Amino acid sequence: MLTRQLGYAVQKPSLYGNGDTQVHLRGLLTENLSLNLQTCLATAEACGSSVTYGSSLAERRCVEECRSGRGLASSRSRRRTTMTQSVVVQVGQCGNQIGCCFWDLALREHAAVNQKGIYDEAISSFFRNVDTRVVGDGGSISKGKICSLKARAVLIDMEEGVVNEILQGPLRDVFDTKQLITDISGSGNNWAVGHKVFGSLYQDQILEKFRKSAEHCDCLQCFFIIHSMGGGTGSGLGTFLLKVLEDEFPEVYRFVTSIYPSGEDDVITSPYNSILAMKELNEHADCVLPIDNQSLFDIISKIDLMVNSGKLGTTVKPKSLVTSSSGALKKRHKKPFDAMNNIVANLLLNLTSSARFEGSLNMDLNEISMNLVPFPQLHYLVSSLTPLYTLTDVNIPPRRLDQMFSDAFSKDHQLLRADPKHSLYLACALMVRGNVQISDLRRNIERLKPSLQFVSWNQEGWKTSLCSVPPVGHSHSLLALANNTCVKPTFMELKERFMRLYKKKAHLHHYLQVEGMEESCFTEAVSSLSALIQEYDQLDATKNMPVQDLPRLSIAM
């Protein structure tokens with residue numbers, strides 16, 4: 001487990017160590033960083049790749065080689081002192097659909113960059129290597145060739161539909177069926193039902209799933225929670241989990257990817273659910289990546305328009321490995337939100353790339369929180385991805401590297417409806433993948449700095465990373481994370497929609513009839529959001545203040 005100390009990952013004896021199955025962390029490979037998942041497991045046709053799952057003959061050979069000591073990778077590169085693991089917690093319909101896209105794309109990425117079929121440190125950060133012939137939890141394999149990969153994931157939904165679809169699809173063998181929690185009734189778009197009713201009902205089971213996931217980790221660093229803010233299960237049970245994780249794993253980071261509803265959302269009570277969930281995010285999350293449904297829709301619409309117009313030699317890629325999620329769920333007509341879910345899945349892939357692969361500048365997840373969150377409640381990070389064509393089955397002539405950096409700060413590339421360039425930065429992280437040099441990074445930061453406003457007390461608030469492994473099929477990409485006051489309009493709009501309903505007490509009785517739910521829950525939630533908005537107001541008030549050139553400390557010799 002990790003402690004939070006001076007911004008570094010400090011390992012201490014895990015409370016959840018599992019003696020015989022402790023993962024022995026070896027050096028990362030900079031040469032031969034490739035993994036051929038063909039020998040492990042399956043559904044090449046549906047996935048559009050040669051990844052296969054569940055071959056018993058392959059598993060027996062893998063286990064024999066592993067136990068005999070053959071097939072172990074060697075490393076002549078510099079070693080990481082500690083390789084960490086993360087657990088993905090996907091809650092509700094939206095969370096599970098995005099999570100399924102993430103696992104599909106993660107498998108493809110590792111299949112593309114590693115052709116040895118070796119269970120290495122890169123893939124161990126999100127997957128376990130398991131001998132499925134062993135009954136119980138004693139089948140984990142820490143070295144050698146891949147036998148059967150199991151995602152470090154907990155799937156939770158109070159309706160069975162999406163989870164059942166996943167379990168019937170090509171990725172069914174990737175998920176441990178012991179790590180699933182479902183109900184049949186659903187939360188009825190009611191935060192109170194998800195948080196108060198199902199939270200209490202399933203708390204012990206949920207905690208047991210978390211503990212079991214932690215036992216399989218040698219150095220658990222982070223829980224990634226994926227959920228929506230507008231529904232009942234995602235907002236209610238999704239934020240209930242945060243308190244459980246904080247109490248049980250206080251030293252493990254909690255990164256939350258929250259999908260915010262648009263103004264045209266079809267859930268009438270989504271403003272109530274979102275505001276009630278916001279209070280929990282304020283109090284119990286370490287970092288929140290707010291993503292707006294409308295922004296995702298706008299991005300997809302622009303790309304569709306570009307493809308249909310045929311501008312710039314744009315063509316559709318056959319069998320793209322970057323965004324196609326046809327292998328994740330059963331084959332069906334592509335729904336409008338599939339491409340939107342893939343954008344979020346790619347965000348998570350890029351966010352974790354530096355923790356999984358080697359590079360000249362590595363950035364661990366704890367460094368994101370340490371460097372980008374100066375105050376506890378101001379932990380909302382606006383994300384942007386560039387180039388956007390890496391997110392779609394589209395072939396566009398590559399843009400100049402410098403243009404990629406410029407795009408990351410334009411409002412058209414933000415995953416939240418915001419314009420960070422005209423707001424105030426508290427800090428900013430640039431996570432670059434591919435064939436990019438440190439000199440390129442520094443040159444572009446110096447070029448962009450004059451056009452960006454940083455708080456007076458953190459004018460050099462940049463955090464950077466360079467990962468040598470690019471996205472599949474592309475030479476480079478950039479993920480920008482900004483702690484910026486541009487999130488304030490989203491919160492203000494949400495509060496306004498909440499107040500329109502609350503002033504009329506509309507739909508309030510559906511919430512108050514739930515045991516443990518009182519009207520004070522609403523007033524406390526909106527007060528919490530108002531206080532957060534006020535903090536951003538105070539920062540914005542300093543926007544045009546002159547920066548003082550403080551004298552440097554002099555050392556007497």
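Residues numbered from 1 in each chain as written. Predicted model: local features only at pLDDT ≥ 70, side-chain atom pairs only at ≥ 80, totals over all residues. Heavy atoms only, no water.

- As annotated in an unreviewed UniProt entry, the chain carries the name Tubulin epsilon chain and is attributed to Pan paniscus.
- Of the chain, the UniProt comment under Subcellular location (unreviewed entry) reads exactly: "Cytoplasm, Cytoskeleton, Microtubule organizing center, Centrosome".
- Per UniProt, the chain has the following entry under Subunit (unreviewed entry): "Found in a complex with TEDC1, TEDC2, TUBE1 and TUBD1." (UniProt positions renumbered as here; feature names shortened; annotations may be inferred.)

## A closer look at the pattern of salt bridges
And then number 1: For the structure shown, the criterion picks out 22 salt bridges.
And then number 2: Note that K279 is salt-bridged to E283, the shortest N-O span being 3.0 Å. Within this pair, K279 and its partner E283 are both found in helix 8 (residues 270-284), separated by four residues, close to a single helical turn.
And then number 3: Here the salt bridges share partners, and the residues they tie into one network are E109, R356 and R433. (Salt bridge = Lys/Arg side-chain N within 4 Å of Asp/Glu carboxyl O. Helix = DSSP H or I, 4+ residues; strand = E, 2+ residues; numbered from the N terminus.)

## Brief notes about the packing of helix 7 (residues 232-248) against helix 8
And then number 1: The N-to-C vectors of helix 7 and helix 8 enclose an angle of 15 degrees; their axes lie 9 Å apart at closest approach. With respect to helix 8, the axis of helix 7 lies roughly parallel. Remark: the crossing between helix 7 and helix 8 carries left-handed chirality. Judged by residue contacts, G232, S235, T239, L242, K243 and E246 of helix 7 engage N273, A277, E280, L281, E283 and H284 from helix 8.
And then number 2: Class assignment for the residues of the contact of helix 7 with helix 8 results in three nonpolar, five polar and four charged. (Axes fitted to C-alpha atoms, helices over the stretch in contact; angles between N-to-C directions. Parallel < 35°, antiparallel > 145°, perpendicular 65-115°, else oblique. Left-handed = near helix turned anticlockwise from the far one by under 90°. Contact = heavy atoms within 4.5 Å. Nonpolar A, V, L, I, M, F, W, Y, C, P; charged D, E, K, R; others polar.)

## What about the nonpolar core?
And then number 1: Judged by nonpolar contacts, the single largest core of 67 residues is most densely connected at I156, F210, F223, M278 and F491.
And then number 2: For this core, the domains that each give at least three residues are domain 1 (85-129 + 144-490) and domain 2 (491-542).
And then number 3: In this structure I156 touches V89, Q90, V91, G92, N96, I181, I206, L237 and L241, once residues within four positions along its chain are discounted.
And then number 4: In terms of nonpolar packing, the next biggest core, distinct from the first, is built from 62 residues, L149, V163, L347 and L348 among them. (Core = buried A, V, L, I, M, F, W, Y, C linked by side-chain atoms within 4.5 Å. Buried < 20%, exposed > 50% of the residue type's maximum accessible area, 1.4 Å probe, protein only. Domains from an automatic or database assignment.)

## Concerning the pairing of strand 6 (residues 153-157)
And then number 1: Of all five residues in strand 6, five are buried; the element is thus mostly enclosed.
And then number 2: Both faces of strand 6 are covered, namely the face carrying A153, L155 and D157 and the face carrying V154 and I156.
And then number 3: By the bridge criterion, four bridges tie strand 3 (residues 85-91) to strand 6 in an arrangement that is parallel. Across the sheet, the residue bridging to V91 is I156, located in strand 6.
And then number 4: Bridge analysis of strand 6 against strand 7 (residues 180-182) gives three bridges, and the strand direction is parallel. (Pairing = 2+ DSSP bridges.)

## Some points on the environment of I98
And then number 1: Here I98 shows up in helix 3 (residues 92-113).
And then number 2: Owing to a relative accessible area of 1%, I98 belongs among the buried residues under this scheme.
And then number 3: With 250 residues separating them in the primary sequence, I98 and L348 have C-alpha atoms 10.0 Å apart.
And then number 4: When near neighbours in sequence (up to four residues on either side) are disregarded, I98 contacts I226, I259, N341, V344 and A345.

## Side note on the pairing of strand 17 (residues 476-484)
And then number 1: Among the nine residues that make up strand 17, nine are buried, leaving the element largely enclosed by the rest of the structure.
And then number 2: Going residue by residue along strand 17, you find H476, L478, A480, A482 and N484 tucked away on one face and S477, L479, L481 and N483 tucked away on the opposite face as well.
And then number 3: Where strand 14 (residues 424-434) lies against strand 17, nine bridges are found, and the strand directions are antiparallel. Among the inter-strand pairings, A429 is bridged to a residue of strand 17, identified as L481.

## Things to note about the sheet that holds strand 10 (residues 287-292)
And then number 1: Taken together, six strands build an open sheet; the order of strands is 7-6-3-8-9-10 and the sheet is parallel. In this open sheet, the two edge strands, each paired with only one partner strand, are strand 7 and strand 10. Averaged over all pairs of adjacent strands, the angle between their axes in this sheet comes to 10 degrees, without regard to strand direction.
And then number 2: Packed onto the sheet, helix 8 meets strand 8 (220-228), strand 9 (253-260) and strand 10 and runs at close to 155 degrees relative to strand 9.

## Things to note about the state of the cysteines
And then number 1: Going through the model one piece at a time under the given rule, you end up with zero disulfides.
And then number 2: C100 takes part in no disulfide bond, and the closest cysteine sulfur, belonging to C101, lies 6.3 Å away. (Disulfide = S-S within 2.5 Å.)

## Some thoughts on the environment of K449
And then number 1: Its location among the elements puts K449 in the loop between helix 13 (438-448) and strand 15 (453-454).
And then number 2: Judged by relative accessible area, K449 falls into the partly exposed class, the value being 22%.
And then number 3: Sequence separation of K449 and E460 is eleven residues, and the distance between their C-alpha atoms is 9.2 Å.
And then number 4: Polar side-chain contacts of K449 include one of 3.1 Å to the side chain of E460. (Polar contact = N/O pair within 3.5 Å; in protein donor to acceptor, adjacent residues only side chain to side chain.)

## Overview of helix 8
And then number 1: When the terminal C-alpha atoms of helix 8 are compared, their 21 Å separation across 15 residues agrees well with the 21 Å that a helix rising 1.5 Å per residue should span.
And then number 2: The buried count for helix 8 comes to 14 of 15 residues, which makes it a mostly enclosed element. (Expected span 1.5 Å × (residues − 1).)

## Looking at the packing of aromatic side chains
And then number 1: A full pass over the atoms with the stated rule returns 25 aromatic pairs.
And then number 2: The interplanar angle of 55 degrees and the centroid separation of 5.2 Å between the aromatic rings of F223 and F249 together place this pair among those described as tilted. Residue F223 is located in strand 8, and its partner F249 is located in the loop between helix 7 and strand 9; the two are separated by 26 residues in the primary sequence.
And then number 3: Judged by relative accessible area, which is 0%, F249 ranks as buried.
And then number 4: Between Y380 and F491 the ring centres are 5.1 Å apart and the planes differ by 70 degrees, which places this aromatic pair in the edge-to-face class. Of this pair, Y380 sits in the loop between helix 11 (365-372) and strand 12 (382-386) while F491 sits in helix 14 (residues 488-502), and the two are 111 residues apart along the sequence.
And then number 5: Among the aromatic residues, ring-to-ring pairing joins F102, W103, F126, F127, F175, F224 and F255 into one connected group.
And then number 6: The ring of Y502 is capped by K505, whose NZ or CZ atom sits 4.2 Å from the centre of that ring. (Phe/Tyr/Trp six-rings, centres within 6.5 Å; stacked < 30°, edge-to-face > 60°. Lys NZ or Arg CZ within 6 Å of the ring centre and 35° of its normal.)

## Some thoughts on the side chain of S187
And then number 1: With respect to the helices, strands and loops of the structure, S187 is situated in the loop between strand 7 and helix 6 (191-215).
And then number 2: For S187, a relative accessible area of 6% puts it in the buried group.
And then number 3: Among the polar contacts listed, one links the side chain of S187 to the side chain of T233, at a separation of 2.8 Å.
And then number 4: Look past the residues within four positions of S187 in its chain and what remains in contact with it is M158, V193, G194, F198, G232 and T233.

## Describing the environment of A531
And then number 1: Tracing the chain through its elements places A531 in helix 16 (residues 519-540).
And then number 2: Residue classification places A531 among the partly exposed positions, given a relative accessible area of 34%.
And then number 3: For the pair formed by A531 and Q377, sequence separation is 154 residues and the distance between their alpha carbons is 9.8 Å.

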